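These are the residues of each chain, in order.
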Amino acid sequence: MPTSHESNSRRSSTSSRRRFSAGHWIKSLVSTKKSTNDQRSLSPDLETTEMEDGVEILVPSASDVMYKYTWTIKKFGHNCRKRHSPVFDSEAFELNVNGLRTRWNLSIRFWTGMDGSRLMSPVVACLNLLRCWPEDIAGTQATVHFQFGVLCRQTGRFDTTPLARCIVSLGATKNIVSVGHQDVEITEKHMLSQSGDVRLVCKVQVVPTGSNDEQHSLSQDMGSLLCSSEDDLAPAELPWAKGDIKLRAAGGVLFPAHCCILGARSPRLAGMISEMELPTKPAETPILDLSDLTAENLQEILRYIYTGRVDNLDSVAASLLAAGVKYELPGLTCLCERALLDTMDAESVAARLLLADEFNCETLKRGALAFIEGHAGRMPKNMAWSVMEMVRPELFQEACEAGIGDSASSFASSLSEAGSNSR
């Protein structure tokens, strides 16, 4: 992540021809004075100046709270054109959840080419941690989830970046901590006025690692009933926790479970359990065959059924989406759709549009079409587009019509040109 000490370093991935310029990094970064020309909103409203004042949100779990900070940057386009080294820093804003109080701000910096010229797009949107309270939390770590978006004048929607996360150490510090940064495309369609006003949004979630929020919760207590496999049974002194049914995944792997919990969470599983043939011997545990699921996917489905959560959701969302639909787990389906939307990019959007169409996921489909509309002309031709064009021509036509080219055919031809150029 770029910091004030890395202003001249080259970008690690695609920065062979550009580097990051962070001139005047500190200037106005920690200012909390309000500007009458700027329109800024924090949801919930937590703009406080004194440590003992302000609003504190008390919730069962900090992981349920997502903040959205909106920053209207006045005359962004004008200043980029007129100033040699424009500086864009937001006012400081505070988040206060369950006694953990943090102060943040946003900043915009620019990549520069090898010839030293400033690149106008993409810009680098940075999330900076300014201060933490209480001071006795030094050494505590927290997971920070963040995502940037910029309002498109043409669609009235925010063009968002993929959801990112990082681990930060909390505690009192005099240094500004650059928590994370993302490339954000800011083009003419994002200019909201003749002077080039731009509206940037940042979603932030701060979850302390091992905090009391995660202790003694229903999900944690239910998780104590969860067994990773037949060999991982509950302690002998807790016979009621060993389950009254076994689920068989692909490869014959068995997972102990509880009929009442499965039936309460999934109508499909409830029906399958009611139709099972009971074993001939009372001492035998009935086995429900779910061999359409891999052992890894079945374990994550059980984790969701018992705790409402999924580990490493970003990497398994696509495969779990189908299972969520088949076994009538709408909450799991929503989690998967959200993860697929948050991690969507130009390479994956076609495959995810096909996935949404196959399983009738309207939220994912609308998000994919909106992404195509906001990134028309920059879609690489890949196998998913070819498959869509052949087996789902109506969906391919709908995707072409979502493009902002002159016509559907122009979007399709741009895909073909991008594919030929990439060969």
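Up top is the structure.
A brief look at the structure comes next. (Residues numbered from 1 in each chain as written. Predicted model: local features only at pLDDT ≥ 70, side-chain atom pairs only at ≥ 80, totals over all residues. Heavy atoms only, no water.)

With that out of the way, let us pick up the overall build of the protein. Regarding its fold elements, the protein presents twelve helices and 15 strands. Scored against the burial criterion, the 423 residues of the protein give a buried share of 47%. Within the protein, residue pairs in contact and separated by at least 24 positions form 66% of the contacts whose partners lie at least 6 positions apart. Here the protein has roughly 21,500 Å² of accessible surface; of this, 50% comes from carbon and sulfur atoms. (Helix = DSSP H or I, 4+ residues; strand = E, 2+ residues; numbered from the N terminus. Buried < 20%, exposed > 50% of the residue type's maximum accessible area, 1.4 Å probe, protein only. Contact = heavy atoms within 4.5 Å. Areas by Shrake-Rupley, 256 points an atom, 1.4 Å probe, with all protein chains shown as cover.)

Attention shifts here to the pattern of salt bridges. Under the counting rule described, the total for this entry stands at 13 salt bridges. Notably, a salt bridge pairs Asp159 with Lys189, separated by 3.7 Å at the nearest N-O pair. With Asp159 in strand E9 (residues 158–160) and Lys189 in the loop between strand E11 (177–184) and strand E12 (198–208), this pair connects stretches of sequence that are 30 residues apart. Assessed through its relative accessible area of 17%, Asp159 is described here as buried. The partner of Glu394 in a salt bridge is Arg392, and the shortest N-O contact between them spans 3.0 Å. By relative accessible area, which is 53% here, Glu394 ends up exposed. Taking the relative accessible area as the measure of exposure, Arg392 reaches 27% and is therefore partly exposed. Overlapping salt bridges bring together Glu94, Arg101 and Arg103 as one network. (Salt bridge = Lys/Arg side-chain N within 4 Å of Asp/Glu carboxyl O.)

This part takes up the pairing of E12. The buried fraction of E12 amounts to nine of the eleven residues, a majority that puts the element mostly inside the structure. Pairing of strand E3 (residues 67–73) with E12, which is carried by seven bridges, proceeds in the antiparallel orientation. Within E12, the residue paired with Tyr67 across the bridge is Val204. The sheet contact formed by strand E8 (residues 141–151) and E12 spans nine bridges and is antiparallel. Bridging across to E12, Ala142 finds its partner in Pro208. (Pairing = 2+ DSSP bridges.)

What follows deals with the packing of helix H7 (residues 330–342) against helix H9 (residues 362–374). One can describe the packing of H7 onto H9 by two numbers: an axis separation of 9 Å at closest approach and a directional angle of 10°. Between H7 and H9, the angle is such that the two are roughly parallel. Of H9, the residues touching H7 (which contributes Glu337, Leu340 and Leu341) are Glu362, Thr363, Leu364, Gly367 and Ala368. Tallied by class, residues from the contact of H7 with H9 come to four nonpolar, two polar and two charged. (Axes fitted to C-alpha atoms, helices over the stretch in contact; angles between N-to-C directions. Parallel < 35°, antiparallel > 145°, perpendicular 65-115°, else oblique. Nonpolar A, V, L, I, M, F, W, Y, C, P; charged D, E, K, R; others polar.)

Once that is clear, we can look at helix H11 (residues 393–402). Those residues of H11 not exposed but buried are Leu395, Phe396, Ala399, Cys400 and Ala402. The buried side chains of H11 occupy one side of the element, clustering within an arc of 160° when seen end-on. Exposed residues lying more than 90 degrees from the buried face of H11 are Glu394 and Glu401. (Arc of directions from axis to C-beta.)

Here we come to the packing of helix H8 (residues 349–358) against helix H10 (residues 383–391). It is at 7 Å that the axes of H8 and H10 come closest, and there the two elements cross at 40°. The angle between H8 and H10 places the two elements in the oblique class. The crossing of H8 and H10 is left-handed. Within the contact between the two elements, H8 uses Val349, Ala350, Ala351, Leu353 and Leu354 and H10 uses Ala384, Trp385, Val387 and Met388. (Left-handed = near helix turned anticlockwise from the far one by under 90°.)

Turning our attention to the packing of aromatic side chains. In this structure the tally under the stated criterion is six aromatic pairs. Ring geometry for Phe76 and Phe88: centres 4.8 Å apart, planes at 40°, overall tilted. Taken together, the positions of Phe76 in helix H1 (residues 76–82) and Phe88 in strand E4 (residues 88–89) put the pair twelve residues apart, joining distant regions of the chain. Each member of the pair, Phe76 as well as Phe88, carries the same accessibility label: buried. Their ring planes at 70° and their centres at 6.1 Å tell us that Phe146 and Phe148 sit as a pair that is edge-to-face. Judged on exposure class, the residue Phe146 and its partner Phe148 are both buried. Through pairs of rings, three or more aromatic residues link up here, namely Phe76, Phe88 and Phe110. Note that Arg101 overlies the ring of Trp133, its terminal NZ or CZ placed 5.1 Å from the centroid. It is Arg118 that lies over the ring of Phe110; its NZ or CZ is 5.3 Å from the centre. (Phe/Tyr/Trp six-rings, centres within 6.5 Å; stacked < 30°, edge-to-face > 60°. Lys NZ or Arg CZ within 6 Å of the ring centre and 35° of its normal.)

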